[in-house]
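What follows is each chain in one-letter form.
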Amino acid sequence: MKAVVLRGPGEIAVEDRPQPSPAEGEALLKVNMIGLCGSDLNSYRGKNPMASFPRIPGHEISATVVDRIAGFHSGDQVTLSPYTSCGKCAACKRGRPNACQYNQTLGVQRDGGLTEYLVVPPEKLYTANLSLMELCLVEPLTVGFHAVARGRVTGADTVAIIGCGGVGLGAVAAAGFRGARTIGVDVDDAKLEIARKAGATELINTSREDLHAKLSQLTNGFGPDVIIEAIGLPSTFRAAVEEVAFTGRIVYIGYAKEPVAYETRLFVQKELDILGSRNALPEDFREVIRMLEEHRFPVDDAVSRIVPLEETPEAIAAWSADPARFTKIMVQVG
Ligand SMILES: NC(=O)c1ccc[n+]([C@@H]2O[C@H](COP(=O)([O-])OP(=O)(O)OC[C@H]3O[C@@H](n4cnc5c(N)ncnc54)[C@H](O)[C@@H]3O)[C@@H](O)[C@H]2O)c1
Ligand SMILES: [Zn+2]
Ligand SMILES: [Zn+2]
C-alpha cells in the first residue's frame, strides 16, 4: 500500500509499505480522507519535539471499517481518537485519559493515517452520519470542545476566545453550541469571519481594536466570565488574566513557546479558576459529532484545499512556505 512518510525534517515522500493485519479484536480500516494539522506541519519542519522519524503523519481521520468487529459492521463510516492512554498514571486513574502522562498520538509518536490501511483498537472509533470532510474535522474540533467543557461554559456565560485558528475555532463553535454569548478575538479578519459563521456573536480584531476597551464595552465593564486562550503567546496568556471578570474562569489551550511573566496578584484578587486543557475525552467527540450532524459548522470555509495522496509532499511544502494562505488541507486517500 502507499503511505506518506516523513523521513526526517523537510524530507517527505510517498513510499510502499506492507498492509497491516489486525490482531484478534482489532479493527482494520480503509482510510478515506485525512486532515493535515499544525502538528503535522511542525513535524515536517523539525519543530515538533515529540515527533520521531521515519514517521507516517496524519491523525484527523475519516475511514471505513473493512471487516465486521464487535460493535461495528463492515462498511461503517468512522472517525477516531488518535490518542493512547496507559491506564496507570495519575491522569488515567482520575478518569482523565486525555491528559495521560504517557500518551502517544497517531502520526506523532506512532505511525498515523496518511496511508491506505490502518489498524486501531475499536474503542477508539466513532461512527457518525457525516461526510468524509466532516469526519476529518471531528478530532481537531474536539480540542476546543474539551476546553469549553473544562471552563464549565453554560448559556448564561459570556465567553471570549483569543485566537480563532484551527483550535480556537472549535472553542468558538462549542461555546456557541452551548448557547453562550461568544466573542471571537483574532488579528485576521478572514479567521474572524469563519468564527462568526461557527457561532461567534461578537468579533474583535486586535490588530486595529483595543481588547480591553472592546471587552469592557461588551460586558458593562466587568469582563467576560470565561476566557479561552488558543494561541500560546505571553501577551495573550497575560491578557486572559487581566481581562477576565472577577471569579472568572481561564482555560489555556495554547502551548506557550517561552516563559510567561504574570501579575499574580490578579489570580488571588479575582479568585480565578485557571485551567489547562489538553486533547479531548470521548464525550467531547460525541458532542462535536452532534454539532456537525446538526450542520452548525461552516465546513466548506474551514477547508481550503483537497489533494490526492500523491500530492501530499508538494502540499505540505506549499503550506510550510506560506502558512497564512491555508486554513486546512485535506488529503483524499481512497
Ligand atoms: N492543548 C491542546 O491539546 C492543543 C492541541 C493542539 C494545538 N494546541 C496549541 O493551540 C495553539 C493554537 O493552535 P492552532 O493550530 O489553532 O494555531 P493557528 O496558527 O491555526 O491559530 C492561531 C490563531 O491566532 C491568531 N493570532 C496570532 N497572534 C495573535 C494575537 N496576538 N492576537 C490575536 N490573535 C492572534 C492567528 O491569526 C490565528 O488565527 C498552539 O499553541 C498549539 O500548540 C494545543
Ligand atoms: Zn491535530
Ligand atoms: Zn496514563
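Residues numbered from 1 in each chain as written. Chains lettered and ligands numbered in written order. Predicted model: local features only at pLDDT ≥ 70, side-chain atom pairs only at ≥ 80, totals over all residues. Heavy atoms only, no water.

A.B. asks: Give me the lowdown on the site of ligand 1, citing residues and values where you can.
C.D. replies: Taken together, 21 residues surround ligand 1, and among them Val167, Asp186, Ile231, Ser277 and Asn279 come closest. Between ligand 1 and Ile231, the relevant distance is 2.8 Å, taken from an oxygen atom to a main-chain nitrogen or oxygen of the residue. The protein chains hide 72% of the 870 Å² of surface that ligand 1 would expose on its own. Looking at the shell around ligand 1 residue by residue, the class counts come to 9 nonpolar, 7 polar and 5 charged. (Near = heavy atom within 4 Å. Polar contact = N/O pair within 3.5 Å; in protein donor to acceptor, adjacent residues only side chain to side chain. Areas by Shrake-Rupley, 256 points an atom, 1.4 Å probe, with all protein chains shown as cover. Nonpolar A, V, L, I, M, F, W, Y, C, P; charged D, E, K, R; others polar.)

A.B. asks: Describe the packing of helix H3 (residues 132–150) against helix H9 (residues 282–293), listing the residues and the values that go with them.
C.D. replies: The interhelical angle for the contact between H3 and H9, taken along N-to-C directions, is 120 degrees, at an axis separation of 8 Å. Here H3 lies oblique to H9, going by the angle between them. Taken as a pair, H3 and H9 cross one another with a handedness that is right-handed. Facing Glu134, Val138, Glu139, Leu141, Thr142, Phe145, His146 and Ala149 of H3, the residues of H9 in contact are Asp284, Phe285, Glu287, Val288, Ile289, Met291 and Leu292. Across the contact of H3 with H9, the residue classes tally to 9 nonpolar, 2 polar and 4 charged. (Axes fitted to C-alpha atoms, helices over the stretch in contact; angles between N-to-C directions. Helix = DSSP H or I, 4+ residues; strand = E, 2+ residues; numbered from the N terminus. Parallel < 35°, antiparallel > 145°, perpendicular 65-115°, else oblique. Left-handed = near helix turned anticlockwise from the far one by under 90°. Contact = heavy atoms within 4.5 Å.)

A.B. asks: Any chance you could break down the nonpolar core for me, citing the residues and the numbers?
C.D. replies: A general trend in soluble globular proteins is that nonpolar side chains are found buried together. Core analysis: the largest hydrophobic core is formed by 49 residues, its most contacted members being Val159, Ile228, Met291, Leu292 and Phe297. Mapped by element, the contributors of at least two residues to this core are H3, strand E8 (158–162), helix H4 (166–177), helix H5 (189–198), strand E11 (226–229), H9 and helix H10 (299–302). The element best represented in this core is H3, accounting for 10 residues. What Leu292 contacts, discounting residues up to four positions off in sequence, is Leu130, Glu134, Val138, Leu141, Phe297 and Val299. Residues Phe72, Leu106, Leu118 and Leu309 belong to the second largest nonpolar core, which totals 35 residues. (Core = buried A, V, L, I, M, F, W, Y, C linked by side-chain atoms within 4.5 Å. Buried < 20%, exposed > 50% of the residue type's maximum accessible area, 1.4 Å probe, protein only.)

A.B. asks: Explain the coordination of the zinc ion (ligand 3) to me, and be specific about the residues and the numbers.
C.D. replies: Within the protein, Cys86 (SG), Cys89 (SG), Cys92 (SG) and Cys100 (SG) serve as the donor atoms for the zinc ion (ligand 3), at 2.3 to 2.4 Å. In this structure, the zinc ion (ligand 3) is surrounded by 4 donor atoms whose angles at the metal cover 103 to 118 degrees, and the resulting shape is tetrahedral. For Cys86, a relative accessible area of 30% puts it in the partly exposed group. (Donors = N, O, S within 2.8 Å, 3.2 Å for Na, K, Ca; no water. Tetrahedral: all angles 85-135°; square planar, octahedral: opposite > 155°, others 65-115°.)

A.B. asks: So what's going on with the environment of Ile250? Residues and values would help.
C.D. replies: When you line up the elements, Ile250 lands in strand E12 (residues 249–252). With 212 residues separating them along the chain, Ile250 and Gly38 place their C-alpha atoms 23 Å apart.

A.B. asks: Go over the coordination of the zinc ion (ligand 2), please, and point to the residues and values.
C.D. replies: Those protein atoms acting as donors to the zinc ion (ligand 2) are Cys37 (SG), His59 (NE2) and Glu60 (OE), and they sit at 2.1 to 2.8 Å. Here the donor residues for the zinc ion (ligand 2) map to a single chain with the spacing C-x21-H-E. Here Cys37 is found in the loop between strand E3 (27–35) and helix H1 (38–44), whereas its partner Glu60 is found in strand E4 (residues 60–65), with 23 residues between them in sequence. In this structure, Cys37 and Glu60 share a single accessibility class: buried.

A.B. asks: Would you mind going over the pattern of salt bridges in detail, with residue names and values included?
C.D. replies: A complete count under the given rule lists 17 salt bridges for this structure. One salt bridge connects Glu60 with Lys328, and the closest N-O pair in it is separated by 2.8 Å. Of this pair, Glu60 sits in strand E4 while Lys328 sits in the loop between helix H11 (312–321) and strand E15 (329–332), and the two are 268 residues apart along the sequence. Here the two residues Glu60 and Lys328 agree in accessibility, since each one is buried. For Arg181, the salt bridge is made with Glu202, and the minimal N-O distance between the two is 3.3 Å. Here Arg181, found in strand E9 (residues 181–186), pairs with Glu202, found in strand E10 (residues 202–205); they are 21 residues apart in sequence, far enough to count as distant. If you follow the salt bridges from partner to partner, you end up with Arg7, Glu15, Arg17, Arg55 and Asp111 in one network. (Salt bridge = Lys/Arg side-chain N within 4 Å of Asp/Glu carboxyl O.)

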